[in-house]
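# Structural overview for review
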Amino acid sequence: MKKSTCAALALLASLVFVYGDSAGYPRPMSFRSINSKALNAGRYDSMEMVVTDLHTYVRRDAAKQFKKKFPDRLALIQINMERIGLWGSWETVPPQRFEDLGVLDPDVIAREPQFEILADGRYPLPDFPGWWTYDAGGNTLAPIAADSETISVEVEHPAAFRPCDLPRTIKTLKNLVGAESYHKEVVICPRTADGQLDWLNAEMGVITGLDEEASTLTIRRWKTSSPWKAHPAGSYIAPHSVLTYLENTFHRHARRPGDKVLQPWLPNLTEFCPRDPRTGLNAREWLAQWYARFWKEHCRTLDGMVFDVSVGTFYPSQRVSHNADCNNDGAPDAFFFDSINYWPLGVYDFFYTLRNGLPGKFEGVGSECVLLNDSNHNEDQRFFDLLNGGEYENAMNPVWFMPYSFSSMLDRLLLWEARGQGPNRSFVSNKYPDHVYHGGDAADLTGVQTLPHWRMDLAAACMTSGYAGKDITRNADPKKPELSQYPAGEAERKKYRFAAPPLYDEYHAGTATNFNWLGLPVGEAQRITDHLGPELYRFDKKSDPPLVCTRSDWDFTGDWRAGLMDRDGSSFTLGVARVGLWEGEKDSWNCYGDLPLEKVRFEKDAEYTVRFTVKGSNPWKKINPRYAGIPKNIRIRFRVDGIDTVDFGNFSASYIQEALVFEDARECVLTLKAPASGDGSLQIDLSENTGTTTFENLEIREGCGDVLCREFENGLVVLNGSFSSPVRVDLSDLFPGESWSRISGTQDPEHNSGEPVDRHLTIEPHDAFFLRRM
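### A few points about the sheet that holds strand β5 (residues 150–154)
Strand order in the open sheet made by the six strands is β4-β9-β6-β7-β8-β5, with antiparallel pairing throughout. Looking at which strands have only one partner, the edges of the open sheet turn out to be β4 (138–139) and β5.

### With respect to the sheet that holds strand β2 (residues 49–53)
Around the barrel, eight strands lie side by side as β1-β2-β3-β10-β13-β14-β15-β16; this closed barrel has parallel pairing. Direction aside, the axes of adjacent strands within the sheet are offset by 25 degrees on average. Against the sheet, helix α9 (residues 283–298) engages β3 (74–79) and β10 (304–307), with an angle of about 135 degrees to β10. Against the sheet, helix α12 (residues 451–462) engages β15 (427–430) and β16 (467–470), with an angle of about 160 degrees to β16.

### What about the side chain of K67?
Position of K67 relative to the elements: it lies in helix α4 (residues 62–69). K67 sits in the buried class, given a relative accessible area of 12%. For K67, the side chain forms a polar contact with the main-chain oxygen of R73, separated by 2.5 Å.

### Describing the packing of helix α11 (residues 406–419) against α12
For the pair α11 and α12, the least separation of the axes is 10 Å and the interaxial angle reads 25 degrees. Comparing their axes, α12 and α11 come out roughly parallel. Handedness of the crossing formed by α11 with α12: right-handed. In this structure, α11 uses F406, L410 and L413 to contact α12, whose residues at the interface are M456, A460 and A461. Among the residues forming the contact of α11 with α12, the class breakdown is six nonpolar, no polar and no charged.

### Side note on the packing of aromatic side chains
What describes a pair of aromatic rings is the distance from one ring centre to the other and the angle between the planes of the rings. Taken as a whole and judged by the stated rule, the model has 42 aromatic pairs. Between Y348 and F383, the aromatic rings sit 5.1 Å apart at their centres with planes inclined by 90 degrees, giving edge-to-face as the arrangement. Taken together, the residues span a long stretch of sequence, with Y348 in helix α10 (residues 343–356) and F383 in the loop between β13 (370–374) and β14 (390–392) at a distance of 35 residues. Here Y348 matches F383 in class, with each residue buried. Their ring planes at 70 degrees and their centres at 5.6 Å tell us that F735 and W740 sit as a pair that is edge-to-face. Summarising the burial analysis for this pair, F735 and W740 share the class buried. Over the ring of Y467 we find R27, and its NZ or CZ is 5.2 Å from the ring centre. Above the face of the F314 ring, R382 is positioned so that its terminal group lies 3.7 Å from the ring centre.

Scoring rules and cut-offs
Counting of residues starts from 1 at the beginning of each chain's written sequence and follows it residue by residue. Local features in this predicted model are restricted to residues of pLDDT 70 or higher, and side-chain atom pairs are both shown and tallied only at a pLDDT of 80 or more, whereas totals for entire chains, interfaces and linings draw on every residue. By convention in this description, side-chain values take in all heavy atoms of the structure and omit both hydrogens and water. Think of it this way: DSSP has to see at least two bridges between two strands before they count as a pair. Segments assigned H or I by DSSP are reported as helices when at least four residues long, segments assigned E as strands when at least two residues long, and all are numbered from the N terminus. The axes used here are C-alpha line fits, helices contributing only the stretch in contact, and every angle between their N-to-C directions lies in the interval 0 to 180 degrees. Working rule for contacts: check all heavy atoms of both residues, and any pair within 4.5 Å makes them a contact. Here the term buried applies to any residue with accessible area under 20% of the maximum for its type, exposed to any over 50%, and partly exposed to those in between, with areas from a 1.4 Å probe on protein chains only. For the purposes of these results, a polar contact is taken to be a pair of N or O atoms within 3.5 Å, where, inside protein, one atom must be able to donate a hydrogen and its partner to accept one; residues adjacent in sequence count only when each atom of the pair is a side-chain atom. Throughout, the term roughly parallel applies to angles under 35 degrees, roughly antiparallel to angles over 145, roughly perpendicular to angles from 65 to 115, and oblique to all others. In this scheme the handedness of a crossing depends on how the near helix is turned from the far one: anticlockwise by less than a right angle means left-handed, clockwise means right-handed. Think of it as three bins: nonpolar holds Ala, Val, Leu, Ile, Met, Phe, Trp, Tyr, Cys and Pro, charged holds Asp, Glu, Lys and Arg, and polar takes everything else, Gly as well. Centres within 6.5 Å are what make two rings of Phe, Tyr or Trp a pair, Trp counting through its six-membered ring; a difference in plane orientation under 30 degrees is then read as stacked, over 60 as edge-to-face, and the rest as tilted. Criterion for a charge above a ring: Lys NZ or Arg CZ within 6 Å of the ring centre, and within 35 degrees of the ring normal.

See below:
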């Protein structure tokens, strides 16, 4: 590794000038825990970024106060409404439902302050019934009379109106609030003379009874300021598409007898969404207009918005019904037409319109507004050309996103640095409790709670933007709730309402005031490869070519069709002619490439670095050229001795990784573990999209490829992403003539001992070092 040249330093200086990032690394941040009392007490003076909530009555105006106190630091607002049981940016509730519940009444708001945000215009409440995502429904076979709250109507396709089929949810909700709570909420929409849906005359309600044999629905219509209407036979009834989950309940935290279930609804962000004839806008345009206005009227003193994800950005999660009918033609489509999923394009267009506005309608927030979205795995947003980074909300290797482990997370984090719309504001928030920080027993810590894991989270952030925080608000082990009830945290909650973000030694190098002590980066993050074994495999003109397979070739009959395979010297191209309805994890490996690895002998659970250059066709830009920058996703794994599946509940599995593929080539380095010992092949999952994917210079070496370092003005950060192997790094070879020492610390004084570092530094698995320059 060579030291940066003067030209590189000049470029870096110019970037600092443009982006205004004068403070050094690391950059402490706090995720959704700031409040005025703790801020005024100086507990946030070291923070370089704070993220507060949309339901600002909880945080009041603490973020604005922080920004006023520290104008050069970042203050962002998180878009969701968890206080009333709505988790995420897209799930919301029609205002007609709030009207029916009576929660907008002043006396209710006085008792339940979480609802004040609904009354004062700080929460989007789209009232056009055609803007929601509905399942495929059916036409009524008889007219519906007016002036009756409860109606019984015969309908086509009664099976479409069955209650939510999630046993855990149904059982719990029935016990909580009675049988009607788990029935689906519906829209009743008449038709115009030419058979089109007349959304302006639609109304909503909830199913209270279903007789499938008689094809009869019993519906309680919502009480609103408008009288109930008569509807002729042939009117359309459809249920909304979001499944009811336990956490989404009215008065979520109280769960008192008589509480109502607040079923979330999903705006239809696709181009198939009807337009409101009153405004000419569809749902995503209306939402973009609303957030642009909200930003300018309520948040202009802040720096940007963070959009929480609950239903998935590229493939809606299990929270959304697979019977979704986004074009309202009565047939399920799940946003999928001609091998293209239109849901992510709708999310992209929302952000595009929010940034740029809509000519003749409204102005967007422009490039100065920071926009972030969840980036916990590749199914989350990949809009590098639109957004300023990703929110890594649950650490760099959260237990519930297996098999997506650190290697994939790191690859995507580095992509935000390389390809995101500048400035990069990606952040890593480790929310797991850490008893050791407050004087507990280190033996109590496991998994993502450990100090080494936190050091690796912070070190990974320093390879890019430098923003990372550990708010320890989430208990990772429900069997040990005492781990989050540490004495200091309890005292701070009593004093400030929230436990103040802890200040780890790596933030300030063991001193009281020396924050941002690393200074600015001297060059980009670099991979260290000296520890890797010799080349085990390289694809070249003599290698056996891969096969392109579908599961229908073996044990599956589906819509996936492989395309042609081509090879040219050290490269090969895999094609996919058609894909089926890809809804998520369960649809992986319906279409994949299988590359035989000649003469490679794998050892079970050993780590192997797979390095390759990859590019591919874009399945979306034929719809609109602006989608050309959206990457598609692939997954890779080893099949060894006939084994290609593993227990994904194992925290240290790492048997599958994934990579984003753009039209232009990029180098990708991922670390895989072998699921067994023996001979094997490299399998490449192509199930998500049609088109071609080209690989070049593919090689495999034994060892973990996720060992990185980055040099700073005043120090060095080195991390080891391996699950099982320590790495010995020769610092004198990497940085000749430089001397380093460990920082001095109190939380882990054996690791942060303050001692000088000799030529070699050993980094344990899933750990990192923050070193001072001597």
